[in-house]
Structure formats: C-alpha cells, structure tokens
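Architecture and fold: a report
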Amino acid sequence: MTTPRRPAVIEAGGVFLPAEVCHPLWLVLRQHLAGHRADGGQVRPEVAAALDALRAAGLNHLTAASPNGRPARTSADIGAGSTRALVTTEELGGRLGVTGRHIRRLAAQHGLTAAARGLWHPDDAAYLARLRKDS
C-alpha cells in the first residue's frame, strides 16, 4: 500500500506547497483579500510578499507545465488557440469604460500589478472587469 502524498509540509517556520496548488490557492486568497480591503482592512507586507511568491509559483507552474512531459513548453507544444495573450491597458480601459490611470488605481487597491508596463495578465484583467461590473 502506498502512502498518500502530503499536499503541504510545515518545517522550521516555513511551508512547502506543490506547484500545482499555488495558482488555485492564490486565486482564492486574492478574492478573500479583495473583500478584506473593501472593508477597509490592510494587508501586512510579509503577507503581501508571500502572496506575490504564491502567484509567481502558480504562474510559473502554469507556463512551465508541458502536456507531453517535457520540462518546459516549447513553440511545438503550444497550439494556435492555446496561448493567452497579455491584455493592454488600452484594451482593458475600453472593456471597463475607464482610463488607464483608473485601472492602475483600481488594481493597486486590490493588490494587483501589471505584468509589464501597460500589460496585464488575462486573469487579472478579468478580475478587474468583475470588480467594475459589481460596483
């Protein structure tokens, strides 16, 4: 009988999480903290840093996982419709009906940062769109 794999190991003040759970956990925590911030709460810097690490590990796993068993994706692994392009600030502003400055302000309020100057991850763009629609 094999022993089940432990999803997390706590050792000497730290936690190890398998890469495949990082992104789903980050999505849940991001939504929870958005509600916390909406109620006037603040996130401690060490918690924000941990969330950044969780997000980075999750995104790295999503982009590094290969369906054919290779250690990282190559252009041969990625089909024409499978890539998720970054969303420009202008495109996101058009979706939301606001300026780029307002998008950056809204993102900062909810702990989101741009993937690069003027570019947003599709998950973050969808989250900002939901926030705007709900308000």
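All of the points below concern the structure found in this document. Quantities reported herein were computed from a predicted structural model and do not represent experimental measurements.

**Here's the deal with the pattern of salt bridges**
Should their charged atoms come close, side chains of opposite charge can pair. Overall, the coordinates contain four salt bridges when judged by the stated rule. Between R30 and D124 there is a salt bridge whose closest N-O contact spans 2.8 Å. With R30 in helix α1 (residues 19-38) and D124 in helix α5 (residues 122-134), this residue pair connects regions lying 94 residues apart in the sequence. Summarising the burial analysis for this pair, R30 and D124 share the class buried. The shortest N-O distance in the salt bridge between D124 and R55 comes to 2.4 Å. In this pair, D124 sits in helix α5 while R55 sits in helix α2 (residues 45-64), placing the two residues 69 residues apart along the sequence. On the basis of relative accessible area, D124 is assigned to the buried category, the value being 0%. Connected through salt bridges with shared partners, the residues R30, R55 and D124 form a single ionic network.

**Topic: the packing of α1 against α5**
Packing of α1 against α5 brings their axes to within 13 Å, and their N-to-C directions diverge by 30°. With respect to each other, α1 and α5 are oriented roughly parallel. When you trace α1 past α5, the crossing you get is right-handed. The residues of α5 that touch α1, namely those facing H23, W26, R30, Q31 and A34, are D123, D124, Y127 and R130. Considered class by class, the residues forming the contact of α1 with α5 number three nonpolar, two polar and four charged.

**Brief notes about the packing of helix α3 (residues 89-96) against α5**
The interhelical angle for the contact between α3 and α5, taken along N-to-C directions, is 25°, at an axis separation of 10 Å. Here α3 is positioned roughly parallel relative to α5, judged by the angle of their axes. Seen along the crossing, α3 lies across α5 with a hand that is right-handed. Counted together, L92, R95 and L96 of α3 and A125, L128, A129 and R132 of α5 form the full contact between these two elements. Split by residue class, the contact of α3 with α5 holds five nonpolar, no polar and two charged.

**Examining the packing of aromatic side chains**
For the structure shown, the criterion picks out zero aromatic pairs. A cation over a ring is seen here: R30 above Y127, with NZ or CZ 4.2 Å from the ring centre.

Reading the values: the criteria
- Residues numbered from 1 in each chain as written.
- Predicted model: local features only at pLDDT ≥ 70, side-chain atom pairs only at ≥ 80, totals over all residues.
- Heavy atoms only, no water.
- Salt bridge = Lys/Arg side-chain N within 4 Å of Asp/Glu carboxyl O.
- Helix = DSSP H or I, 4+ residues; strand = E, 2+ residues; numbered from the N terminus.
- Buried < 20%, exposed > 50% of the residue type's maximum accessible area, 1.4 Å probe, protein only.
- Axes fitted to C-alpha atoms, helices over the stretch in contact; angles between N-to-C directions.
- Parallel < 35°, antiparallel > 145°, perpendicular 65-115°, else oblique.
- Left-handed = near helix turned anticlockwise from the far one by under 90°.
- Contact = heavy atoms within 4.5 Å.
- Nonpolar A, V, L, I, M, F, W, Y, C, P; charged D, E, K, R; others polar.
- Phe/Tyr/Trp six-rings, centres within 6.5 Å; stacked < 30°, edge-to-face > 60°.
- Lys NZ or Arg CZ within 6 Å of the ring centre and 35° of its normal.

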